[in-house]
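Close look at the chain arrangement
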Amino acid sequence: WTSLKRLGSGDVGAIVERLDRQIDRARAHAAAQSPDEPGQTSNPDIAVITGVALTMLGIRALKILPSLPFAPGHKMVILLPLYVIAARQTHTRFGATYAGLTMGTIAFLMGDGRYGIFEICKHVAPGLLCDLLIPIMTAGDRQPGRLAWSIFGACVGLGRFATTFAIILAAQAPAVAYAIFVPGLTTNLTFGFLSGYVTYQVVRSVEHARTHRGDHEDTAWVNS
């Protein structure tokens, strides 16, 4: 509950610090693998995608709201802002999609989830929606506010729910499965909407940190 209170007050320092630490680790590893090519253009994107995926895995391992099996999607409050960072901080058109694919593949290999290999789709969908919607939201150097990010989060939550629903539909689950699963639409929309406040704070913190450090290594935030 302490973590939730900190998020509610706008304190996202722990998330940003963990993200920076994981990106730095990935960047150092990539540099060690290609010491003769320190300036290769793929390194920044690889570091961000890997760092975001590792941060997501760490968050999924936490028990944020224990003993609440009726609230699927609650971790999107923290995970969705990381998809946004992956989309905005990489040069590739599908940075968030790759981050979700990386995270989902690792989670599947670790035995996470209830849908087998289709579990990966549940992680890819939010990333793909981020890559498609964020360029529209930030066109013309617009800076979305809390409400805009919240509406965006609700849309991603709906997309995530639709993906899981499609998996169950393809598996031809019995009717009782739908009765149990459909109420999850409300929680996905709710937590997606709530993630907007965290997204707003995380984006601001990451931008401020980059400006404060005077980091000129990768100054362009690509939104197209």
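Residues numbered from 1 in each chain as written. Predicted model: local features only at pLDDT ≥ 70, side-chain atom pairs only at ≥ 80, totals over all residues. Heavy atoms only, no water.

**Considerations on the overall build of the protein chain**
Spelled out, the test is: Helix numbers and strand numbers start at the N terminus; a helix is a DSSP run of H or I with at least 4 residues, a strand a run of E with at least 2. For each residue, the accessible area found with a 1.4 Å probe, counting protein chains only, is set against the maximum for its type, and the residue is called buried under 20%, exposed over 50%, and partly exposed in between. Note on contacts: a residue pair qualifies if any of its non-hydrogen atoms lie within 4.5 Å across the two residues. Each accessible area is a Shrake-Rupley result for a 1.4 Å probe, and residues are judged covered by the shown protein chains and nothing else.
Counting its regular elements, the protein chain contains nine helices and zero strands. Its helices and strands in sequence order give the protein chain the pattern α-α-α-α-α-α-α-α-α, from N to C terminus. Expressed as a percentage of the 224 residues in the protein chain, the buried residues total 47%. Sequence-distant contacts, at least 24 apart, represent 75% of the contacts inside the protein chain between residues at least 6 apart. Put simply, the protein chain shows about 11700 Å² of open surface, and 64% of that area lies on carbon and sulfur atoms.

**Regarding the nonpolar core**
We count it as follows: In this text, buried Ala, Val, Leu, Ile, Met, Phe, Trp, Tyr and Cys residues form a nonpolar core when linked through side-chain atoms within 4.5 Å.
With 41 residues, the main nonpolar core has V52, C130, W149 and F152 as its most contacted residues. Residue assignment for this core shows that the elements contributing at least two residues are α2 (13-33), α3 (42-60), α4 (76-88), α5 (95-109), α6 (119-137), α7 (146-170) and α9 (184-213). The element that contributes the greatest number of residues to this core is α4, accounting for eleven residues. Contact partners of V52, with chain neighbours within four places excluded, come to L19, L82, A86 and A99. Among the nonpolar cores identified, the runner-up in size contains six residues, and F161, I168, Y178 and F181 belong to it.

**Some thoughts on the packing of aromatic side chains**
Here a ring pair, both rings aromatic, is described through the centre-centre distance and the interplanar angle of the planes. Stated formally: Pairing of aromatic side chains requires ring centres within 6.5 Å, counting the rings of Phe and Tyr and the six-membered ring of Trp. Pairs whose planes differ by under 30 degrees are stacked, by over 60 edge-to-face, and all others tilted.
For the structure on display, the rule yields two aromatic pairs. Between W149 and F152, the aromatic rings sit 5.4 Å apart at their centres with planes inclined by 80 degrees, giving edge-to-face as the arrangement. Taken together, the residues W149 and F152, both in helix α7 and three residues apart, mark about one turn of the helix. Comparing W149 with F152, the two get one shared label, buried.

**A word on the packing of α4 against α6**
Inclusion rule: Orientation is described by lines fitted to C-alpha atoms, with helices fitted over the stretch in contact, and by angles between N-to-C directions that extend from 0 to 180 degrees. Angle categories are assigned with fixed cut-offs, so that under 35 degrees is roughly parallel, over 145 is roughly antiparallel, 65 to 115 is roughly perpendicular, and the rest are oblique. Two helices that cross are described as forming a left-handed crossing if the nearer one is turned anticlockwise from the farther one by less than a right angle, and a right-handed crossing if clockwise. Residues are sorted three ways: Asp, Glu, Lys and Arg are charged, Ala, Val, Leu, Ile, Met, Phe, Trp, Tyr, Cys and Pro are nonpolar, and all the rest, Gly among them, are polar.
Contact pair α4 / α6: the axes reach a minimum separation of 9 Å and the direction vectors enclose 50 degrees. On the basis of the axis angle, α4 is oblique to α6. You can see that α4 and α6 cross each other, and the crossing is right-handed. Contact with α4, carried on its side by M76, L80, Y83, V84, A87 and R88, involves H123, P126, G127, C130, D131 and I134 of α6 and no other residues of that element. In the contact of α4 with α6, the residues fall into eight nonpolar, two polar and two charged.

**Re the side chain of S150**
In this fold, S150 is placed in helix α7. The residues touching S150, leaving out its near neighbours within four places in the chain, are G192, F193, G196 and Y197.

**Side note on α7**
Using the following cut-off: Take the number of residues in a helix, subtract one, and multiply by 1.5 Å to get its expected span.
End to end, α7 covers 36 Å across 25 residues, agreeing with the expected 36 Å (1.5 Å per residue, within 8%). Of the residues flanking the end of α7, it is Q172, one or two places downstream, whose phi is positive at about 55 degrees.

**Details of the pattern of salt bridges**
In plain terms, the rule: Salt bridge criterion: a side-chain nitrogen from Lys or Arg within 4 Å of a carboxyl oxygen from Asp or Glu.
Tallying each qualifying case throughout the model produces two salt bridges. A salt bridge links R27 to D24; its shortest N-O distance comes to 3.1 Å. Of the two residues, R27 and D24 both sit in helix α2, three residues apart, roughly one turn of that helix. Using a relative accessible area of 28% as the deciding quantity, one classes R27 as partly exposed. By relative accessible area, which is 44% here, D24 ends up partly exposed.

**Some remarks on the confidence of the model for the protein chain**
Going by this rule: How sure the predictor is of each residue is captured by pLDDT, a score from 0 to 100.
Averaged over all residues, the pLDDT of the protein chain is 79; the fraction at 70 or higher stands at 77%. Predicted confidence is poor over residues 64-70, with pLDDT under 50, and the contacts of this stretch with residues over four places away or in other chains come to ten contacts. Within the model, pLDDT remains below 50 along residues 215-224, and this stretch shows 23 contacts once partners closer than five positions in the same chain are excluded.

**Considerations on unusual backbone geometry**
Excluding glycine, a negative phi dihedral is what most residues carry, and trans is how most peptide bonds are arranged. At D141, a residue that is not glycine, the phi angle is positive and equals roughly 60 degrees. Along the chain, D141 falls in the loop between α6 and α7. Accessibility expressed as a relative area gives 69% for D141, which makes it exposed.

**Focus: the side chain of Q22**
For Q22, the position within the fold is in helix α2. A relative accessible area of 10% places Q22 in the buried class. With residues near it in sequence (within four places) discarded, Q22 still touches G51, L54 and T55.

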